[in-house]
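Residues per chain are reported as follows:
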Amino acid sequence: MNKISLDAARLMIRETLSHAAKAKMKPLSVAVVDAGGHLIAFERSDGAPAGRFDLARGKAYGSVMLGMGGTAQRDRAEAQAYFIGAANAAYGGKLVPVPGGFIVRNAAGDVVGGVGVTGDTSENDMAAGEAGILAAGLVPEG
């Protein structure tokens, strides 16, 4: 798979939200972007705040555009705040450099897109997103 299909994006979202429901997490929002950062699909659980779209998309977008998952972005922001600040300015303020953002790779290791999950703790966002990405047969890098 060289790109994330709409069906694969929907599967990742469905499985991310299913994992969250089974684990009794807070309502999540999930965005899937292609390797260029363009939105493929988005969905939010019942009860998730409407404003979570921008957070989920920003986590996914930042992962793809910077080539590092949300956890690495957070760590980089702590070590070099000026870099993340400058990158965020370059990308029009679209980055959300916190855990819950994933680079998505195919089996060959190629970047095929990104996923952003928001709504619960960073650890829970990560666990749910990882479950969704793995369900689609892809490799999460958060």
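Given the structure is predicted, the values throughout are model-derived calculations rather than measurements.

Novice: Residue-level account of the overall build of the chain, with values.
Specialist: For the chain, the helix and strand inventory stands at five helices and five strands. For the chain, the sequential pattern of α-helices and β-strands runs α-β-β-α-α-α-β-β-α-β. In terms of overall size, the chain behaves like a compact globule, its C-alpha atoms giving a radius of gyration of 14 Å where 142 residues would be expected to give roughly 14 Å. Expressed along its principal axes, the backbone C-alpha trace of the chain runs to roughly 40 × 35 × 20 Å. Buried positions account for 44% of the 142 residues belonging to the chain. Taking the contacts inside the chain whose residues are at least 6 apart along the sequence as the reference set, 63% of them involve residues at least 24 apart. Of the roughly 6,600 Å² that the chain leaves accessible, carbon and sulfur atoms contribute 52%. For the chain, the centre of its 14 positive side-chain charges and the centre of its 14 negative side-chain charges are spaced 3 Å apart.

Novice: A description of the pattern of salt bridges should follow, citing residues and the corresponding values.
Specialist: Summed over all chains, the structure comprises four salt bridges. The shortest N-O distance in the salt bridge between Glu-141 and Arg-105 comes to 2.6 Å. Separated by 36 residues along the polypeptide, Glu-141 in strand β5 (residues 139–141) and Arg-105 in strand β3 (residues 101–105) bring together distant segments of the chain.

Novice: Describe helix α1 (residues 6–22), with residues and values.
Specialist: For α1, spanning 17 residues, the distance from its first C-alpha to its last is 24 Å, which sits close to the expected 24 Å at 1.5 Å a residue. Where α1 is concerned, the buried positions are Ala-8, Ala-9, Met-12, Ile-13, Thr-16, Leu-17 and Ala-20. Taken around the axis of α1, the buried residues stretch over an arc of 165°, which confines them to a single face. Structural note: α1 exposes Asp-7, Arg-14, Ala-21 and Lys-22 on the side pointing more than 90 degrees away from its buried face. Check the buried side of α1 and you find it contacts β1 (29–34), β2 (39–44), β4 (111–118) and α5 (122–135). Following α1 by one or two positions, Lys-24 adopts a phi angle in the positive range, close to 60°.

Novice: How would you explain the pairing of β2 if you had to name every residue and give the values?
Specialist: Of the pairings in the sheet, the one linking β1 to β2 comprises five bridges and is antiparallel in character. Of the residues in β2, the one forming a bridge with Val-33 is Leu-39. In textbook terms, the turn of a hairpin is the stretch between consecutive antiparallel strands, and for β1 and β2 this stretch comprises four residues, one of which, Gly-37, has a positive phi near 85°.

Novice: Go over the environment of Met-1 with me, naming the residues and quoting the values.
Specialist: Within the secondary structure layout, Met-1 lies in the segment before α1. As a C-alpha pair, Met-1 and Val-112 span 111 residues in sequence and 8.0 Å in three-dimensional space. Sequence-distant contacts of Met-1, that is, excluding residues within four places in its chain, are made with Ala-8, Asn-106, Val-112 and Leu-138.

How each quantity is defined
- Residues numbered from 1 in each chain as written.
- Predicted model: local features only at pLDDT ≥ 70, side-chain atom pairs only at ≥ 80, totals over all residues.
- Heavy atoms only, no water.
- Helix = DSSP H or I, 4+ residues; strand = E, 2+ residues; numbered from the N terminus.
- Rg over C-alpha atoms; globule rule 2.2 N^0.38 Å.
- Buried < 20%, exposed > 50% of the residue type's maximum accessible area, 1.4 Å probe, protein only.
- Contact = heavy atoms within 4.5 Å.
- Areas by Shrake-Rupley, 256 points an atom, 1.4 Å probe, with all protein chains shown as cover.
- Lys, Arg positive; Asp, Glu negative; His and termini not counted.
- Charge placed at Lys NZ, Arg CZ, Asp CG, Glu CD.
- Salt bridge = Lys/Arg side-chain N within 4 Å of Asp/Glu carboxyl O.
- Expected span 1.5 Å × (residues − 1).
- Arc of directions from axis to C-beta.
- Pairing = 2+ DSSP bridges.

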